[in-house]
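Observations on the model geometry
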Amino acid sequence: MPKNLKDFRGKEPIFIDANIFLHHAFDVNPVSVEFLKKVESFDLKAYTSALVIEEVTFKLIMQSASNFLDKVTLQSVKALLKDTESREKVFRPVEEYRRYINSLKDFGLRILDLTDKDMTAVVQKAKTYGLLTADAAHLAVMERKRITHMASSDGDFEAVNNITLWSPD
């Protein structure tokens, strides 16, 4: 059973999953927004990974592209991005949110790389816990860095017994 993210006090390092950033970007979960404000105030030892940032960027691109498309598919977004003017419009909010991520780095957020050694552990973790490989990759990075706390609204992580899950829901 996950703990409530609003109760996290920041004594231990915590890994931030993509959905926390997306809640903030789309202003859909006040607990996630408040949690990232704690990161802004230097109160947390906050970590995420380059893979999480890629997930967030991809979702932001898809959401932004939906403003210009009747039906959003990967193919329709790829076609939209071929047009220079459309591409500029689609990437505007993406670049804006990237500036926010960079400001979090100034406040101490550390973005960890995913290594080849991590990838060796990914398949086993995915198989052990029934996770998609991206989620298993987050666990591999956390394990390598000895991070045992995770901020996420993804209930799939409840199956992982050696982490403490902090959910904004």
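Residues numbered from 1 in each chain as written. Predicted model: local features only at pLDDT ≥ 70, side-chain atom pairs only at ≥ 80, totals over all residues. Heavy atoms only, no water.

Digging into the pairing of strand β6 (residues 164-167)
Here strand β1 (residues 3-4) pairs with β6 via 2 bridges, running parallel. Bridge pairing in β6 places N4 opposite S167. Alignment of strand β5 (residues 149-151) against β6, held across 3 bridges, turns out to be parallel. Bridge pairing links A151 to W166 in β6. (Pairing = 2+ DSSP bridges. Helix = DSSP H or I, 4+ residues; strand = E, 2+ residues; numbered from the N terminus.)

Thoughts on the sheet that holds β6
What the 6 strands build is an open sheet, ordered β1-β6-β5-β2-β3-β4; its pairing is parallel. Edge positions in the sheet fall to β1 and β4 (110-112), since each has one partner strand and no second. Across the sheet, helix α3 (residues 50-66) lies against β2 (14-16), β3 (46-49) and β4, angled at about 70 degrees from β3, the strand it touches most. (Contact = heavy atoms within 4.5 Å. Axes fitted to C-alpha atoms, helices over the stretch in contact; angles between N-to-C directions.)

Brief notes about the layout of surface pockets
Its boundaries defined by the atoms lining it, the largest pocket holds a volume of some 230 Å³. If you go around the largest pocket, the residues you meet are D17, A18, N19, L22, E55, K59, L132, A134, D135, D154 and D156. Secondary-structure elements contributing two or more residues to the lining of the largest pocket are α1 (18-25), α3 and α7 (133-144). Looking at which element gives the most residues to the lining of the largest pocket, the answer is α1, with 3 residues. (1 Å grid on protein atoms, 1.4 Å probe; cavity = no way out; pocket = protein on both sides within 12 Å on 5 of 7 lines; lining within 4 Å. Points joined across faces, edges and corners; volume = space filled by probe spheres on them.)

Observations concerning the packing of aromatic side chains
With the rule as written, the count across this model stands at 3 aromatic pairs. Plain terms: the ring middles of F8 and W166 are 5.0 Å apart, the flat faces sit at 75 degrees to each other, and that makes the pair edge-to-face. With F8 in the loop between β1 and β2 and W166 in strand β6, the pair connects residues that are 158 residues apart, well separated along the chain. For the pair F8 and W166, one class covers both residues: buried. (Phe/Tyr/Trp six-rings, centres within 6.5 Å; stacked < 30°, edge-to-face > 60°. Buried < 20%, exposed > 50% of the residue type's maximum accessible area, 1.4 Å probe, protein only.)

Here we look at the UniProt feature "domain: PIN" (unreviewed entry) in the chain
Those places that UniProt annotates as "domain: PIN" (unreviewed entry) correspond, in this numbering, to residues 12-159. Its end C-alpha atoms 21 Å apart, residues 12-159 is made of 63% helix and 9% strand. (UniProt positions renumbered as here; feature names shortened; annotations may be inferred.)

So, the pattern of salt bridges
Using the criterion set out here, one finds 4 salt bridges in the structure. Between D118 and R144 there is a salt bridge whose closest N-O contact spans 2.8 Å. Pair noted here: D118 is in helix α6 (residues 116-129) and R144 is in helix α7, with a separation of 26 residues, a long-range link. Owing to a relative accessible area of 4%, D118 belongs among the buried residues under this scheme. Classification of R144 by relative accessible area gives partly exposed; the value is 32%. (Salt bridge = Lys/Arg side-chain N within 4 Å of Asp/Glu carboxyl O.)

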